[in-house]
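# Coordinates in review
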Amino acid sequence: MWKARRNAVILAHNYELPEIQDIADVLGDSLALARAAARTNADVIVFCGVHFMAETASILNPEKTVLLPDLEAGCSLADSITAEQLKSWKRDHPEAIVVAYVNTTAEVKALSDYCCTSSNAVDVVQSIPEDKEILFLPDMFLGAYVKRMTGRNNIHIWMGECHVHAGIQPQQVDAVINQHPRAELLVHPECGCSTSSMHLLAEGQLPTNRTHILSTGGMLDFTTHSTATEFIIATETGILHQMEKANPQKRFVAANPNAVCPFMKKITLQKVLDALRNMQHVIQVQDELRARAKTPIDRMIAIG
Ligand code: 13P
Ligand code: SF4
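Residues numbered from 1 in each chain as written. Chains lettered and ligands numbered in written order. Predicted model: local features only at pLDDT ≥ 70, side-chain atom pairs only at ≥ 80, totals over all residues.

- The name given to the protein chain in an unreviewed UniProt entry is Quinolinate synthase, and the organism recorded there is Alicyclobacillus acidoterrestris.
- According to UniProt, the comment filed for the protein chain under the heading Pathway (unreviewed entry) is "Cofactor biosynthesis; NAD(+) biosynthesis; quinolinate from iminoaspartate: step 1/1."
- The record held by UniProt for the protein chain lists under Cofactor (unreviewed entry) the comment "[4Fe-4S] cluster". (UniProt positions renumbered as here; feature names shortened; annotations may be inferred.)

So this is what it looks like as structure tokens:
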């Protein structure tokens with residue numbers, strides 16, 4: 001009722017609590033949600049995700065009211081670089097092109113040339129002329145993945161990490177593979193284990209046809225379309241709800257059952273209702289900052 005009264009749309013990330021996923025109008029990965037925010041006709045966007053996602057939605061669609069049901073839904077990865085740190089890096093490397101993962105603040109995006117998500121990071125970097133020096137920030141594991149996939153040596157990588165994905169360790173993944181030797185292994189490129197997975201793949205120690213490095217949206221597509229029946233999932237565990245719902249006959253095993261993002265889990269049904277009823281918490285980016293942050297986000301939406 002409040003949703004209709006506000007003419008609102010509910011966008012939710014694949015890591016949200018199951019009950020939030022079940023009420024979402026659009027459920028997806030970071031890129032899909034940014035695209036949905038850019039094209040919605042609703043007056044109000046209730047963003048069931050984390051702060052940088054709601055901020056990105058507001059930058060893309062400033063005439064809409066964007067609500068984040070809990071202001072404490074932050075992101076340890078976005079916190080791993082500040083605008084001041086980036087300014088200082090740029091002073092030392094004035095020619096470099098800055099590619100910022102979407103998991104960053106509006107201030108950091110405003111100092112960047114391109115944004116990307118895990119589903120189009122490789123395409124974004126490939127679109128930049130080969131002779132240009134690049135800074136990829138802030139995730140070191142996604143940066144290492146992009147460097148390997150593009151084969152470029154002129155990429156500097158910021159040493160940031162998401163504490164949830166960094167906590168998915170290679171030894172844990174190995175143990176789960178030993179218990180489920182026939183399962184397909186799906187790894188998010190933010191994972192601590194993604195770098196070792198790439199090395200093992202290159203050395204032939206992981207089966208190339210059964211190891212896949214994918215965004216959360218890519219993982220959902222893969223599990224739905226694959227004929228395999230067992231999957232090891234190396235990312236935040238919230239995504240298993242959607243996989244199980246869409247594929248009740250298949251089996252999904254978390255590489256690390258403790259990989260739970262405390263920020264994503266801040267959003268509850270009660271907080272969504274309060275957000276709609278009280279029109280809280282409004283996420284807005286002031287005009288000058290918005291204009292500067294929008295260019296790299298527009299490039300991200302256009303590529304991949
Ligand atoms: P994607 O959904 O784009 O794969 O991103 C994962 C993530 O950690 C978002 O915070
Ligand atoms: Fe940030 Fe990691 Fe949580 Fe994603 S899973 S919102 S990157 S802390």
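Alright, that's what it looks like, and here's the rest.
## Some remarks on the sheet that holds strand E4 (residues 65-67)
- Strand order in the open sheet formed by four strands is E2-E1-E3-E4, and the pairing between neighbours is parallel. The outermost strands of the open sheet, each flanked by one partner alone, are strand E2 (26-28) and E4. Across the sheet, the axes of successive neighbouring strands diverge by a mean angle of 20°, strand direction being ignored.
- As defined by bridge partners, strand E3 (residues 44-48) adjoins E4 across three bridges and the pair is classed as parallel. Looking at the pairing, Ile-45 lines up with Val-66 of E4.
- The strands touched by helix H3 (residues 30-39) are strand E1 (8-13), E2 and E3; relative to E2, the strand with the most contacts, the crossing angle is about 150°. (Pairing = 2+ DSSP bridges. Helix = DSSP H or I, 4+ residues; strand = E, 2+ residues; numbered from the N terminus. Axes fitted to C-alpha atoms, helices over the stretch in contact; angles between N-to-C directions. Contact = placed C-beta atoms within 7 Å.)

## Here we look at the pairing of strand E11 (residues 230-234)
- For E11, a buried count of four out of five residues is recorded, marking the element as mostly surrounded by other parts of the structure.
- In the sheet, strand E9 (residues 184-187) pairs with E11 via four bridges, with the strands oriented parallel. When the sheet's bridge partners are listed, Glu-184 is paired in E11 with Phe-231.
- Across four bridges, E11 lies against strand E12 (residues 251-254) in parallel orientation. The partner of Phe-231 across the bridge, within E12, is Phe-252.
- Traced from E11 through helix H13 (residues 239-246) to E12, the parallel crossover comes out right-handed. (Buried ≥ 20, exposed ≤ 12 C-beta atoms within 10 Å, placed from the backbone. Right-handed = clockwise from strand over helix to strand, strands pointing away.)

## Describing unusual backbone geometry
- Residue Leu-137 is joined to Pro-138 through a cis peptide bond whose omega torsion reads -10°.
- Considering the arrangement of structural elements, one finds Pro-138 in the loop between strand E7 (134-137) and helix H8 (140-150).
- Each neighbour pair has its own omega, and for Gln-280 with His-281 the value is -10°, a cis peptide bond.
- Looking at where His-281 falls in the secondary structure, it is placed in the loop between helix H14 (269-278) and helix H15 (287-302).
- A positive phi angle, near 50°, is found at Asn-7, a position not held by glycine.

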